[in-house]
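A closer look at the structure
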Amino acid sequence: MVNNAIKFTKQGTITIILKREYKTNQAAVTIKDSGPGIDPEIIPHLFSKFKTKSEKGLGLGLYISKNIVEAHGGKIEAYNNPNSKGATFIVTLPL
């Protein structure tokens, strides 16, 4: 996800926030960029195999990431930022 943020944010910012949620005993990693955002065609299939609009890559990175996160009891989510600038990915894992 960090690699994708770097790859797609040619200009702008990438913010990474690490947070411990004491009430739920979870860790959350948020990666927010100001790149072009996620293509609306891809969003429903974002974590599926071989789904990409990128000229580089096979479309396996997010699929593999989701499987690893879920195997550890966590969840991963992604959405375009409301201001139409960039995307945000959130990974939550139990501690």
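Since we're looking at a predicted model, the values are computed, not measured. Note that residues are indexed from 1 along each chain, following the sequence as it is written. With pLDDT at 70 or above as the cut-off, local features in this predicted model cover only qualifying residues; side-chain atom pairs require 80 or more to be listed or tallied, and sums for whole chains, interfaces and linings still use all residues. Excluding hydrogens and water, the side-chain values take into account all heavy atoms of the structure.

1. Notes on the side chain of Thr88
Under the scheme used here, helices are H or I runs from DSSP no shorter than 4 residues and strands are E runs no shorter than 2 residues, and both carry numbers assigned from the N terminus. Structurally, Thr88 can be placed in strand β4 (residues 87–94). Polar contacts involving the side chain of Thr88 include one to the side chain of Asn81, which spans 2.5 Å. Any pair of residues with heavy atoms lying within 4.5 Å of one another is described as a contacting pair. When near neighbours in sequence (up to four residues on either side) are disregarded, Thr88 contacts Thr30, Ile31, Lys32, Glu77, Ala78, Tyr79 and Asn81. Counted as a polar contact is a pair of N or O atoms within 3.5 Å, where, for protein atoms, one must be capable of donating a hydrogen and the other of accepting one, and residues adjacent in sequence contribute only when both atoms are in side chains.

2. With respect to a nonpolar patch on the surface
Patches in this entry comprise residues that are over 30% relatively accessible and not in a salt bridge; like charges within 9 Å are linked, as are nonpolar side chains (Val, Leu, Ile, Met, Phe, Trp, Tyr) within 5 Å. For the area figures, the Shrake-Rupley method with a 1.4 Å probe applies, and any residue is considered shielded solely by the protein chains shown. What counts as a salt bridge is simple: a side-chain nitrogen of Lys or Arg found within 4 Å of a carboxyl oxygen of Asp or Glu. Nonpolar side chains collect at one region of the surface, where Val2, Ile6, Ile14, Ile16 and Leu18 lie side by side and expose about 450 Å² of accessible area between them. Elements with a minimum of two residues in the nonpolar patch: α1 (2–8) and β1 (14–21). It is β1 that contributes the most residues to the nonpolar patch, three residues altogether. Its place among the elements puts Ile16 in strand β1. A simple rule labels every residue: compare its accessible area, found with a 1.4 Å probe on the protein chains alone, to the largest value its type can have, and call it buried under 20%, exposed over 50%, or partly exposed in between. When its relative accessible area of 45% is taken as the criterion, Ile16 is described as partly exposed.

3. Some points on the nonpolar core
Grouped together as the largest cluster of nonpolar side chains are ten residues: Ile38, Ile42, Leu46, Phe47, Leu62, Val69, Ile76, Ala87, Phe89 and Val91. For this core, the elements supplying multiple residues, two or more each, are α2 (61–71) and β4. For this core, the leading source of residues is β4, giving three residues. The residues touching Ala87, leaving out its near neighbours within four places in the chain, are Ile31, Lys32, Asp33, Gly37, Ile38, Tyr79, Asn80 and Asn81. Joining through side-chain atoms within 4.5 Å is the link that ties buried Ala, Val, Leu, Ile, Met, Phe, Trp, Tyr and Cys residues into a set, and such a set is a nonpolar core.

4. Section: the sheet that holds strand β2 (residues 26–33)
Here the rule is simple: two strands pair whenever DSSP picks up at least two bridges between them. The four strands lie next to each other as β1-β2-β4-β3, forming an open sheet whose pairing is antiparallel. Each of the sheet's edge strands pairs with one partner strand only, and the pair in question is β1 and β3 (75–80). Within this sheet the neighbouring strands show an average axis-to-axis angle of 15°, counted without direction. Where β2 lies against β4, seven bridges are found, and the strand directions are antiparallel. Note on β4: the bridge partner recorded for Ala27 is Leu93. Note on geometry: axes are lines fitted to C-alpha atoms, helical ones only across the stretch in contact, with angles between N-to-C directions running from 0 to 180 degrees.

Scope: geometric values only; no functional claims are made or implied.
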